[in-house]
2 protein chains.
Amino acid sequence: MPHPDAADLVLTDVLFALSDPARLELACRLTEGPLEVAACHPVGGEIPKSTLSHHLKTLREAGVIRNKPYGRQRQVSLRRDDLEARFPGLLAAVLSPALTQASPPR
Amino acid sequence: MPHPDAADLVLTDVLFALSDPARLELACRLTEGPLEVAACHPVGGEIPKSTLSHHLKTLREAGVIRNKPYGRQRQVSLRRDDLEARFPGLLAAVLSPALTQASPPR
DNA sequence: CGAACTGTTCAACTATTATCGAACCATGAG
DNA sequence: CTCATGGTTCGATAATAGTTGAACAGTTCG
């Protein structure tokens, strides 16, 4: 299961991966810590496994997340350091408005 | 020719608009100042007018650029202040790596 | 007015992306 | 080994995005 090197991250690929509401929302939740794939379903409700897996693949191939075996499941985590090294400030700038938008208004 | 209000800018739309290499490169050039549409062609070479107009539409509808009549042509400009107000730091985080990537490597 | 100039819109086509069921693969438990 | 569990991959279809020529619209100049 291939992950791009930190130095090879492509900005347009990262932006594209985060330009989908479901993927952006997941990236936000991953700032809290790693999740198993089963916990990566959108907040609204369950989606088919294959659809979820496709979104994870998009994020992984762009270098936004890491997806590694973890016992009989897999652990999904945000590649914070790699993203910060390659695109300083980007993650904060993208996720902070998304987080405030997600939190309950008032 | 509709432009979204600054308060209505949608993050995923902005990210999507900037996730295309040609559009991202144009956004970079617009940091230098406004351009006429004819000057918005990608650096590599000319593209059909209708294709260029389509990319400008994508950027405009996302709220990244403003496109206003200017004599017999149109002036294209970056909506820096509006973007900064809605998504602080985003533009800098996105364009600074793109700018260094564009400048001659050494 | 009428022609030239600058861009946008339209319509058709192509290409990429999303969605989802079914088949498949690996791991751990019995 | 066998079976259940947790996820990925495959293949087909639907939806969205990109590309482009041609037609159209606004502005300026003669």
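Quantities reported herein were computed from a predicted structural model and do not represent experimental measurements.

Visitor: Explain the side chain of Arg-60 of chain B here, please?
Guide: All names here are of chain B. Positionally, Arg-60 belongs in helix 3 (residues 49-62). Salt bridges are absent for the buried Arg-60, whose nearest opposite-charge side chain, Glu-61, sits at 4.5 Å. Those residues in contact with Arg-60, other than ones at most four positions away along the chain, are Met-1, Pro-2, His-3, Pro-4, Ile-65 and Asn-67.

Visitor: Which parts of the structure should I look at to understand the relation of the copies chain A and chain B?
Guide: Mapping between the two chain copies consists of a rotation about an axis together with a translation along that axis. It takes a turn of 180 degrees to lay chain A on chain B, together with a shift of 0.0 Å along the axis; the resulting RMSD is 0.0 Å. Both copies are brought into coincidence by an operation consistent with a two-fold rotation axis. Taken together, the interface assignments show that 100% of the residues at the interface of chain A recur at the interface of chain B, consistent with an identical surface on both copies.

Visitor: I'm lost on the interface of chain A and chain B in this one. Help?
Guide: Buried accessible area, meaning the area lost when the parts come together, often serves as the stated size of an interface. Contacts between the two partners involve 19 residues from chain A and, on the opposite side, 19 residues from chain B. Each partner contributes to the roughly 1400 Å² buried at the junction of chain A and chain B, and carbon and sulfur atoms together form 77% of this total. Contact with chain B buries area across many residues of chain A, yet Leu-11, Thr-12 and Leu-15 of chain A alone supply 32% of it, more than any other trio. Joining chain A to chain B, the criterion identifies zero salt bridges. The interface formed by chain A and chain B includes zero residue pairs in polar contact (both at pLDDT 80 or more). Those elements that place two or more of their residues in the side of chain A that touches chain B are helix 1 (11-17), helix 2 (21-30) and helix 5 (90-102) of chain A. Looking at the side of chain A that touches chain B residue by residue, the class counts come to 13 nonpolar, four polar and two charged.

About the criteria used
- Residue positions within a chain follow its written sequence, with the count starting from 1.
- Going through the entries in the order they are written, you letter the chains from A and number the ligands from 1.
- Two thresholds apply to this predicted model, a pLDDT of at least 70 for residue-level local features and 80 or more for giving and counting side-chain atom pairs, whereas whole-chain, interface and lining totals are computed over all residues.
- Note that the side-chain values use all heavy atoms of the structure and ignore hydrogens as well as water.
- We count a stretch as a helix when DSSP gives it H or I for four or more residues in a row; a strand needs E for two or more, and each element gets its number in order from the N terminus.
- Summary of the burial criterion: residues with accessible area below 20% of their type's maximum are buried, those above 50% are exposed, and those between are partly exposed, where the area comes from a 1.4 Å probe applied to protein chains only.
- Charge assignment in this entry is limited to Lys and Arg as positive and Asp and Glu as negative, and neither His nor the chain termini are counted.
- By salt bridge we mean one thing: a side-chain nitrogen of Lys or Arg within 4 Å of a carboxyl oxygen of Asp or Glu.
- Whether two residues are in contact is decided by their heavy atoms, any of which lying within 4.5 Å being enough.
- C-alpha atoms of residues with pLDDT of at least 70 in both copies form the basis for the least-squares superposition of the copies.
- Buried area: the sum, over both parts, of the accessible surface (1.4 Å probe) that disappears when the two are put together.
- In protein, a polar contact requires one atom able to donate a hydrogen and another able to accept it; more generally it is a pair of N or O atoms within 3.5 Å, and residues adjacent in sequence count only if both atoms are side-chain atoms.
- Under the grouping applied here, Gly and all other residues not named as nonpolar or charged are polar, the nonpolar ones being Ala, Val, Leu, Ile, Met, Phe, Trp, Tyr, Cys and Pro and the charged ones Asp, Glu, Lys and Arg.

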